[in-house]
Amino acid sequence: MKRVSLTQYLVEEQRLHQNINAELRLLIEVVARACKRISYSVSKGALGEVLGSAETENIQGEVQKKLDVISNEILLEANEWGGHLAAMASEEMETIRQIPSRYPMGEFLLLFDPLDGSSNIDVNVSIGTIFSVLKAPEGMNQPTEQDFLQPGTAQVAAGYAVYGPQTMLVLTTGNGVHCFTLDREMGSWVLTQSDMQIPASTKEFAINMSNKRHWHPPVQRYVDELLAGETGPRGKDFNMRWIASMVADVHRILNRGGVFMYPADLRDPQSPGKLRLMYEANPMAMIVEQAGGAATDGKGRILDIPPTKLHQRVPVFLGSKEEVEVVTGYHGA
Ligand code: P6P
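What you are looking at is a predicted structure, and each value in this text was computed from that prediction instead of being measured.

Quick notes on the rules
- Residues numbered from 1 in each chain as written.
- Predicted model: local features only at pLDDT ≥ 70, side-chain atom pairs only at ≥ 80, totals over all residues.
- Heavy atoms only, no water.
- Core = buried A, V, L, I, M, F, W, Y, C linked by side-chain atoms within 4.5 Å.
- Buried < 20%, exposed > 50% of the residue type's maximum accessible area, 1.4 Å probe, protein only.
- Helix = DSSP H or I, 4+ residues; strand = E, 2+ residues; numbered from the N terminus.
- Domains from an automatic or database assignment.
- Contact = heavy atoms within 4.5 Å.
- Pairing = 2+ DSSP bridges.
- Axes fitted to C-alpha atoms, helices over the stretch in contact; angles between N-to-C directions.
- Phe/Tyr/Trp six-rings, centres within 6.5 Å; stacked < 30°, edge-to-face > 60°.
- Parallel < 35°, antiparallel > 145°, perpendicular 65-115°, else oblique.
- Left-handed = near helix turned anticlockwise from the far one by under 90°.
- Nonpolar A, V, L, I, M, F, W, Y, C, P; charged D, E, K, R; others polar.
- Buried area = accessible area lost by both parts, 1.4 Å probe.

1. Details of the nonpolar core
For step 1, the next point in the chain: Grouped together as the largest cluster of nonpolar side chains are 47 residues, with contacts concentrated most on Tyr160, Leu254, Phe260, Met284, Val316 and Leu318.
For step 2, the next point in the chain: At 9 residues, the largest contribution of residues to this core is made by helix H7 (residues 277-290).
For step 3, the next point in the chain: For this core, the domains that each give at least three residues are domain 1 (6-193) and domain 2 (204-330).
For step 4, the next point in the chain: Setting aside its immediate chain neighbours within four residues, Val316 contacts Met246, Phe260, Met261, Tyr262, Leu275, Ala281, Thr296 and Ile302.
For step 5, the next point in the chain: Grouped together as the second largest cluster of nonpolar side chains are 43 residues, Leu6, Leu115, Trp189 and Leu191 included.

Okay, structure coming up:
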């Protein structure tokens with residue numbers, strides 16, 4: 001069967017859709033190439049002397065793993081010279097990264113979590129890179145953080161790479177969700193799933209149960225009903241999965257359905273939830289909605305949230321549309 005490469009897919013998408021131009025196509029290919037390099041570093045593990053802590057902290061106050069720092073540098077270096085970006089933002093950096101003056105600035109803004117789930121690195125569990133692409137405001141000179149604070153509906157592309165038994169790239173440019181598998185011998189991304197669709201109903205839920213005492217009562221009640229199974233109000237048994245790596249949990253849900261939840265936490269009313277809006281919740285919400293699912297912060301559509309800070313956190317409920325509606329009463333976009 002003739003395999004379609006990422007390059008061929010993007011060229012054909014550009015012919016079909018006005019919202020993809022050569023600059024966006026170049027940007028996506030550069031990010032995909034950087035993810036290939038990250039996959040290579042991740043897969044070497046101890047042989048590459050890349051495991052363990054980097055003895056530094058990121059903006060979130062989290063101790064950085066060596067691979068967090070390496071992955072961040074790979075994405076910055078790959079994207080700074082191409083002329084397709086005006087600036088970049090990363091979970092690992094407090095402020096935005098301007099394009100060095102020796103290179104031309106482009107029309108897009110790139111945001112990323114370079115290596116999400118990094119607590120799993122040292123125990124060989126799947127981790128990933130999440131990215132989001134916005135248009136830089138017209139007529140901008142030097143980009144500022146304010147230029148990044150656009151709602152998720154403004155994203156022109158979103159995706160993630162998952163570094164697991166296979167390395168895969170899941171991508172949307174607003175025309176459905178498509179999955180590419182890395183052919184390591186050829187070094188190319190090969191289209192292996194087109195127009196992925198999340199089953200509307202599910203029997204699987206993903207949540208970190210150890211935080212249950214800190215959730216708002218409606219979420220506690222909802223999870224209790226799941227655990228009651230067929231003897232309870234839902235009338236069916238449910239299964240739980242929690243990889244503690246958002247990319248891996250979302251990838252499972254994209255393939256077989258489910259509902260992913262990181263609820264608001266009563267311990268910190270000022271900063272509900274753990275996940276970041278700009279480079280975790282928004283890109284994943286675009287992907288999930290493009291695959292027929294739903295994504296909400298418990299009150300409204302994640303993609304409609306007006307950002308106020310680059311690293312702000314939000315509660316996240318996403319996945320099979322019917323189940324997201326049950327847990328939050330949210331009735332989809
Ligand atoms: P917890 C990884 O650190 C992450 O940001 C997401 O990838 C993941 O879903 C979540 O945090 C796991 O959080 O509290 O279960 O460790």
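2. A closer look at the sheet that holds strand E10 (residues 188-193)
For step 1, the next point in the chain: Taking strand neighbours across the sheet as the criterion, the 8 strands line up as E4-E3-E5-E6-E7-E8-E9-E10 in an open arrangement whose pairing is mixed. Two strands bound the open sheet, and with one partner strand each, they are strand E4 (97-98) and E10.
For step 2, the next point in the chain: In this structure, strand E3 (residues 85-90) lies alongside strand E5 (residues 108-116), joined through 5 bridges in parallel fashion. Considered in E5, the bridge of Ser90 is made with Phe112.
For step 3, the next point in the chain: Packed onto the sheet, helix H6 (residues 246-256) meets E5, strand E6 (127-135), strand E7 (157-163), strand E8 (167-172), strand E9 (177-183) and E10 and runs at close to 105° relative to E7.
For step 4, the next point in the chain: In this fold H7 packs onto E3, E5, E6, E7, E8 and E9, with an angle of close to 85° to the strand it touches most, E6.

3. Brief notes about the sheet that holds strand E15 (residues 294-296)
For step 1, the next point in the chain: As summarised here, the arrangement of the 5 strands in space is E12-E11-E13-E17-E15, forming an open sheet in which the pairing is mixed. Since the sheet does not close on itself, it has two edges, and those belong to strand E12 (239-240) and E15, each with one partner.
For step 2, the next point in the chain: Sheet topology note: the strand E11 (residues 204-206)/strand E13 (residues 259-262) ladder contains 2 bridges and is parallel. Bridge assignment links Ala206 to a residue of E13, and that residue is Phe260.
For step 3, the next point in the chain: Here helix H8 (residues 321-328) sits on the sheet in contact with E13, E15 and strand E17 (316-319), set at roughly 150° to E17.

4. Quick word on the pairing of strand E1 (residues 53-57)
For step 1, the next point in the chain: Relative to strand E2 (residues 63-65), E1 runs antiparallel, the two sharing 2 bridges. Considered in E2, the bridge of Ser53 is made with Lys65.
For step 2, the next point in the chain: Remark: 5 residues form the turn of the hairpin made by E1 and E2, two consecutive strands paired antiparallel; Gly61 in that turn has positive phi of roughly 80°.

5. Structural notes on the packing of aromatic side chains
For step 1, the next point in the chain: Inspection of every chain in the model, using the stated rule, returns 3 aromatic pairs.
For step 2, the next point in the chain: Taking 5.2 Å as the distance between ring centres and 65° as the angle between the ring planes, the aromatic pair formed by Tyr9 and Phe180 counts as edge-to-face. Of this pair, Tyr9 sits in helix H1 (residues 6-16) while Phe180 sits in strand E9, placing them 171 residues apart in sequence.
For step 3, the next point in the chain: Under the relative-accessibility criterion, Tyr9 is labelled buried at 7%.
For step 4, the next point in the chain: Judged by centre distance (6.0 Å) and plane angle (50°), the ring pair of Trp242 and Tyr262 falls under tilted. Pair noted here: Trp242 is in the loop between E12 and H6 and Tyr262 is in strand E13, with a separation of 20 residues, a long-range link.
For step 5, the next point in the chain: Through a chain of ring-to-ring contacts, the aromatic side chains of Trp242, Phe260 and Tyr262 assemble into a single cluster.

6. Considerations on the packing of helix H2 (residues 22-44) against helix H3 (residues 66-79)
For step 1, the next point in the chain: Put simply, H2 and H3 touch, their axes get as near as 9 Å, and they point 150° apart. Here H3 runs roughly antiparallel to H2, going by the angle between their axes. The handedness of the crossing between H2 and H3 is right-handed. Contact residues: H2 offers Leu27, Val30, Val31, Ala34, Arg37, Ile38, Ser41 and Val42, while H3 offers Leu67, Ile70, Ser71, Ile74, Leu75, Ala78 and Asn79.
For step 2, the next point in the chain: For the contact of H2 with H3, a count of residues per class yields 11 nonpolar, 3 polar and 1 charged.

7. Considerations on the domain arrangement of the chain
For step 1, the next point in the chain: You can read the domains of the chain as domain 1 (6-193) and domain 2 (204-330).
For step 2, the next point in the chain: Distance from the C-alpha centre of domain 1 to the C-alpha centre of domain 2: 23 Å.
For step 3, the next point in the chain: Counting residues at the interface gives 50 residues for domain 1, matched by 31 residues for domain 2.
For step 4, the next point in the chain: Buried area between domain 1 and domain 2, summed over both chains or domains, comes out near 2800 Å², and the portion from carbon and sulfur atoms is 63%.

8. So, H6
For step 1, the next point in the chain: Most of H6 sits out of view: 9 of its 11 residues are buried.
For step 2, the next point in the chain: Within H6 the residues assigned to the buried category are Met246, Val247, Ala248, Asp249, Val250, His251, Arg252, Ile253 and Leu254.
For step 3, the next point in the chain: Gly257, located one to two residues past H6, shows a positive phi value of around 85°.

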